[in-house]
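# Observations on the model geometry
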Amino acid sequence: MEFTLTYQGPLPPRGRGVSPVKAQLRRAFHPQIKGTLEPRLTPSSRPSTTETVHGFEFVTPATSSLSTAVELHVLLLSPPTQRIGDADNRLKTLIDGLTRPANPEQMQGHTAPAEGGPTFCLLSDDRLVQRVNLDTRVWHGASNSTESLVVVTAKIVLSSEVTAHSSMSSLFLLL
């Protein structure tokens, strides 16, 4: 499954501690991931994709329990006044924003979706990113000098941990 996610807003390099921007990223990506994933979820697959962290439910399509991972192609557009440098740390912030919080500390700034229900994130763990391609460019049409425009093409793939002897291998062979 391949789909596109977009985000327009601040994307600073990773600073010390937990950035509230990560919660902002999760809020921006939630409806996009939910719109793509929810119609494909069956009642039997829901438990494999749902986890509770500090009293909040999260649904993630890339999770160890399903032996799934992601490949990402990221287009990062920044205004001419903003230095594109430090792209690797900005990418880390983005990936953290695509990942479900793992503990109460990472819940900083998190709020439940306004419509209720779980929060949809792309990954249950950032170690499930198998491949990433980053393209940085100047965004000449930017209306705000502190915002970036990010276009992420995410592809859900079988995890590299899947072997010929794992339960997912027979599914892979059928595909």
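Quantities reported herein were computed from a predicted structural model and do not represent experimental measurements.

## Topic: the nonpolar core
In terms of nonpolar packing, the biggest core is built from 31 residues, with Leu72, Leu94, Leu122 and Leu123 touching the most fellow members. If you list the elements that add at least two residues to this core, you get β1 (2–9), α1 (20–37), β4 (68–78), α3 (87–98) and β7 (148–158). Leaving out residues up to four positions away in the same chain, Leu94 has contacts with Leu11, Leu25, Phe29, Val74, Val150 and Val152.

## Observations concerning α3
Because an α-helix packs 3.6 residues into every turn, residues spaced three or four apart end up facing the same way. Look at α3: 16 Å from first C-alpha to last across twelve residues, which is about the 16 Å you get at 1.5 Å a residue. Along α3, the residues that are buried comprise Ala87, Arg90, Leu91, Thr93, Leu94, Ile95, Asp96, Gly97 and Leu98. Contacts made by the buried residues of α3 are with β1, α1, β4, β6 (129–138) and β7.

## Remarks on the sheet that holds β1
Judged by pairing direction, the sheet is mixed, and its four strands sit side by side in the order β1-β7-β4-β6 without closing on themselves. Only two strands of the sheet have a single partner each, and these edge strands are β1 and β6. Taking each pair of neighbouring strands and ignoring which way they run, the sheet shows an average axis angle of 15 degrees. With nine bridges joining them, β4 and β6 adopt parallel strand pairing. The residue bridging Val70 from the neighbouring strand is Val129, located in β6. Against the sheet, α3 makes contact with β1, β4, β6 and β7, and its axis sits at roughly 130 degrees relative to β4, the strand it touches most.

## Description of the confidence of the model for the chain
Model confidence for the chain is summarised by a mean pLDDT of 86, while 88% of its residues fall at 70 or above. The low-confidence segment residues 168–175, where pLDDT is below 50, has eight contacts with residues more than four positions distant or belonging to other chains.

## Let's talk about the packing of α1 against α3
Packed helices, taken two at a time, are described by their axes: the angle between them and the distance between them. For the pair α1 and α3, interaxial distance at closest approach is 8 Å and the crossing angle is 55 degrees. Taken together, the axis directions place α1 and α3 in an arrangement best described as oblique. In terms of crossing hand, the pair formed by α1 and α3 is right-handed. Residues Val21, Lys22, Leu25, Arg26 and Phe29 of α1 lie in contact with α3, whose contacting residues are Thr93, Leu94, Asp96, Gly97 and Leu98. A breakdown of the residues in the contact of α1 with α3 according to their chemical character gives five nonpolar, two polar and three charged.

The rules behind these values
Residues numbered from 1 in each chain as written. Predicted model: local features only at pLDDT ≥ 70, side-chain atom pairs only at ≥ 80, totals over all residues. Heavy atoms only, no water. Core = buried A, V, L, I, M, F, W, Y, C linked by side-chain atoms within 4.5 Å. Buried < 20%, exposed > 50% of the residue type's maximum accessible area, 1.4 Å probe, protein only. Helix = DSSP H or I, 4+ residues; strand = E, 2+ residues; numbered from the N terminus. Contact = heavy atoms within 4.5 Å. Expected span 1.5 Å × (residues − 1). Pairing = 2+ DSSP bridges. Axes fitted to C-alpha atoms, helices over the stretch in contact; angles between N-to-C directions. pLDDT = per-residue confidence, 0-100. Parallel < 35°, antiparallel > 145°, perpendicular 65-115°, else oblique. Left-handed = near helix turned anticlockwise from the far one by under 90°. Nonpolar A, V, L, I, M, F, W, Y, C, P; charged D, E, K, R; others polar.

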